[in-house]
Amino acid sequence: DVEGNVILDKKFKGPEESETQKTVDKANSIQKTGDGGYTIFGNTQTINGNNDAWLIKIDSSGNEAWNKTVEGPGDEWDSSGQQTRDGGYIIVGKTNTNSESKFYLWLAKTDSNGNKLWDKILGEIISLGNYVPSIQLTNDDGYIIVSTPPEVSVESAASLIKTDMEGNVLWNKTFSYPRPPISHHGDSASSVQQ
């Protein structure tokens, strides 16, 4: 409530977890939805060992409406998202496209039930542990994303990417530190707002 008292406490499992098959599940963000409920964004491990984006839709009392995975081109990690104006969801995360040596920024759009409509790779990024990219809707129905830059640099701290509503990149800017950093490891921007 407004004073910080716990009103409800719920636990959720990945859609493929069972009594005999445990999965590694991680929630990264939560957003209130237009119907008064919430959507939780994260990642889950599937039975075949892949990692996919994970969406859980709950009502205002925390009851689960649906629980879905969204597959990308490889293993997907550190996904977050927002509800879009059409009632669907936009998801941003990291993928390795089945290559262990390179990581890419991944964008996916779903309908209101969490079913994938399209997905795109927006470019190479560095992977900083559990760093979660951030995405917001813009007034022109596109998206603004903050992520890590494409390569390790003592000057580059973050990339800001603007896309249209179909995920096409309109521009991509890399921002530098305002001062020489002591160490560039783990330094990055973590959220963006219009």
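Here is a short report on the structure shown in this document. (Residues numbered from 1 in each chain as written. Predicted model: local features only at pLDDT ≥ 70, side-chain atom pairs only at ≥ 80, totals over all residues. Heavy atoms only, no water.)

Some thoughts on the overall build of the protein chain
- Along its length, the protein chain carries 0 helices and 12 strands.
- Helices and strands appear in the protein chain in the N-to-C order β-β-β-β-β-β-β-β-β-β-β-β.
- Counting every position in the protein chain, which comprises 194 residues, the buried fraction comes to 43%.
- Here the contacts in the protein chain between residues at least 6 apart in sequence split such that 42% fall between residues at least 24 apart.
- Of the roughly 10400 Å² that the protein chain leaves accessible, carbon and sulfur atoms contribute 48%. (Helix = DSSP H or I, 4+ residues; strand = E, 2+ residues; numbered from the N terminus. Buried < 20%, exposed > 50% of the residue type's maximum accessible area, 1.4 Å probe, protein only. Contact = heavy atoms within 4.5 Å. Areas by Shrake-Rupley, 256 points an atom, 1.4 Å probe, with all protein chains shown as cover.)

Looking at unusual backbone geometry
- Even without being a glycine, Asp78 presents a positive backbone phi close to 50°.
- Structurally, Asp78 is set in strand β5 (residues 76–83).
- We classify Asp78 as buried; its relative accessible area is 7%.
- The phi dihedral of Asp141 falls on the positive side, at around 70°, and the residue is not glycine.
- In this structure, Asp141 sits in the loop between β9 (134–137) and β10 (143–147).

A look at the nonpolar core
- Within the largest apolar cluster, 12 residues are counted, these being Ile90, Val92, Phe103, Leu105, Leu107, Leu122, Ile125, Ile135, Leu137, Tyr143, Ile145 and Ile161.
- Contributing elements (two or more residues each) for this core: β6 (89–95), β7 (103–110), β8 (116–125), β9 and β10.
- If one sorts the elements of this core by residue count, β7 sits on top with 3 residues.
- Once you skip the residues sitting within four places of it in the chain, Phe103 turns out to touch Trp77, Thr95, Asn96, Gly123, Glu124, Ile125 and Ser127. (Core = buried A, V, L, I, M, F, W, Y, C linked by side-chain atoms within 4.5 Å.)

Remarks on the pattern of salt bridges
- Counted under the stated rule, the structure contains 7 salt bridges.
- A salt bridge links Lys116 to Asp119, with the shortest nitrogen-to-oxygen separation between them at 3.5 Å.
- The exposure class assigned to Lys116 is partly exposed, which follows from its relative accessible area of 39%.
- On the basis of relative accessibility, which here comes to 28%, the residue Asp119 falls in the partly exposed class.
- Beyond isolated ion pairs, a larger network of salt bridges with shared partners links Lys26, Asp78 and Lys94. (Salt bridge = Lys/Arg side-chain N within 4 Å of Asp/Glu carboxyl O.)

Quick notes on the packing of aromatic side chains
- All told, the structure shown has 3 aromatic pairs when counted by the stated rule.
- Seen from their ring centres, Phe41 and Tyr89 are 6.0 Å apart, and the 70° between their planes marks the pair as edge-to-face. Of this pair, Phe41 sits in strand β2 (residues 38–45) while Tyr89 sits in strand β6, and the two are 48 residues apart along the sequence. For the pair formed by Phe41 and Tyr89, the shared burial category is buried.
- Aromatic side chains Trp66 and Tyr89 sit 6.0 Å apart centroid to centroid with 75° between the ring planes, which places their arrangement in the edge-to-face category. Here the residue Trp66 occupies a position in strand β4 (residues 64–70), and Tyr89 occupies one in strand β6, the gap between them amounting to 23 residues.
- On the accessibility criterion, Trp66 (13% relative accessible area) is buried.
- For Tyr89, a relative accessible area of 1% translates into the label buried.
- An aromatic cluster is built from Phe41, Trp66 and Tyr89, whose rings are joined through pairwise contacts. (Phe/Tyr/Trp six-rings, centres within 6.5 Å; stacked < 30°, edge-to-face > 60°.)

Side note on the sheet that holds strand β1 (residues 25–32)
- With antiparallel pairing, the 4 strands of this open sheet are ordered in space as β1-β2-β3-β4. Each of the sheet's edge strands pairs with one partner strand only, and the pair in question is β1 and β4. When strand polarity is set aside, the average angle formed by the axes of neighbouring strands in this sheet is 20°.
- Bridge analysis of strand β3 (residues 51–58) against β4 gives 6 bridges, and the strand direction is antiparallel. Note that in β4 the partner of Leu55 across the bridge is Lys68. (Pairing = 2+ DSSP bridges. Axes fitted to C-alpha atoms, helices over the stretch in contact; angles between N-to-C directions.)

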